[in-house]
Amino acid sequence: MERAPWLVLIFSLPTRRASERVEIWRKLQRHGVLPLRSSGYVLPNTPANQERFEWLATSIRRYKGQASVALVESFDDVPSHQLVKLFLEARARDYEFLAREIRKLAKKRERRAAQISRLRRRFQEIAAIDFFDSPLRSRTESLLAGLDMESMTPPKQNPSVRLRKQFVNRVWITRPRPGIDRVSSAWFIRRFIDPSARFVFGKDADQQPDAVPFDMFGEAGFGHRGEDCTFETFCREFAIRDPRVLVIAQIVHDADLGDEKFGRNEALGLDKVLIGWAQQGVSDDELLRRGMELIEGLYQAVA
């Protein structure tokens, strides 16, 4: 039996519950509901949306109101294709407003990280309720990536091609138990510098004098510089302009430094997976291999 395509929340609250009414309304807006002309609020029938409506219904009943969550096959006055269109129009308005904000910020000479972070969080909020894949989603994300393109692009005189040649057929050394910054940096090395790069682990780079250090405390080579994590340092040094890599740089930065500079919540999940594997006793080599596969999957997903 096929699942009914729509969920409807119908509720009422006592008139004296003004603040609770505002609270529920704000939550409905965050969930991306479509209000029906008659009564009730509609969402596509997914497990996540059903859980949202059930929690809202619980809150409403706690406020001495009445609430029902219904599974609906169809509406006689609004066909399903029209509902989909209305959802897409609502998200298009959200994306268009956000795009205007991004363009305004792009014209400013000084762009504060907090402003970019706020816009990115807003994008993630809209994307989370973009149930039918608005065509404006990728366009808006490209505008966001463009905000960081200038800051991530190194000076023109940077001899990136010549720099790459210096690091081909080299061994790279980093600290044991690699985390998000180190596995992503290793992925960067394999993808953009040397597909045959070899990696070793050690607490002291002097143990491997011919190896190139990365993310080593107080060592030469590639590491944190200023506000950048090691992965961002690689991006700058090797003049990478691929928007997908710049997105990954933001994700890695937030996971590694924890400063929420870019508002990239997805970073936390990747880091937790690596920590979990490390706690299971997975070897350093295996941690690095699995981590690089994670980053490669992320690279393909943000295409």
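Quick caveat: nothing in here was measured; it's all calculated off a predicted structure.

### Considering the environment of Trp 187
Step number 1: With respect to the secondary-structure elements, Trp 187 resides in helix α7 (residues 180–193).
Step number 2: On the accessibility criterion, Trp 187 (4% relative accessible area) is buried.
Step number 3: Along the primary structure Trp 187 and Ala 92 are separated by 95 residues, whereas in three dimensions their C-alpha atoms are 35 Å apart.
Step number 4: Excluding its chain neighbours within four sequence positions, the residues that come into contact with Trp 187 are Phe 192, Phe 231, Val 245, Ile 248, Met 292, Ile 295, Glu 296 and Tyr 299.

### Some remarks on the confidence of the model for the chain
Step number 1: Summing up the model confidence of the chain, the mean pLDDT is 87 and the portion of residues at 70 or higher is 91%.
Step number 2: Considering only residues more than four positions removed or in separate chains, one finds that residues 153–159, a stretch of pLDDT under 50, has eight contacts.

### Things to note about the environment of Ala 145
Step number 1: As for its placement among the helices and strands, Ala 145 is situated in helix α5 (residues 136–152).
Step number 2: The class for Ala 145 is buried, based on a relative accessible area of 6%.

### Looking at the pattern of salt bridges
Step number 1: For the structure on display, the rule yields 16 salt bridges.
Step number 2: The residue Arg 175 makes a salt bridge to Asp 215 at a minimum N-O spacing of 2.6 Å. Of this pair, Arg 175 sits in the loop between β5 (171–174) and α7 while Asp 215 sits in the loop between β7 (212–213) and α8 (230–237), and the two are 40 residues apart along the sequence. Across the pair, exposure class does not vary: Arg 175 and Asp 215 are buried alike.
Step number 3: Between Arg 182 and Asp 215 there is a salt bridge, with its nearest N and O atoms 3.4 Å apart. Of this pair, Arg 182 sits in helix α7 while Asp 215 sits in the loop between β7 and α8, and the two are 33 residues apart along the sequence.
Step number 4: The exposure class of Arg 182 is buried, given its relative accessible area of 9%.
Step number 5: Residue Asp 215 is classed as buried on the basis of its relative accessible area, which comes to 7%.
Step number 6: Bridged by salt links that share partners, the residues Arg 91, Asp 94, Arg 122 and Glu 125 form one connected network.

So, how was this worked out
Residues numbered from 1 in each chain as written. Predicted model: local features only at pLDDT ≥ 70, side-chain atom pairs only at ≥ 80, totals over all residues. Heavy atoms only, no water. Helix = DSSP H or I, 4+ residues; strand = E, 2+ residues; numbered from the N terminus. Buried < 20%, exposed > 50% of the residue type's maximum accessible area, 1.4 Å probe, protein only. Contact = heavy atoms within 4.5 Å. pLDDT = per-residue confidence, 0-100. Salt bridge = Lys/Arg side-chain N within 4 Å of Asp/Glu carboxyl O.

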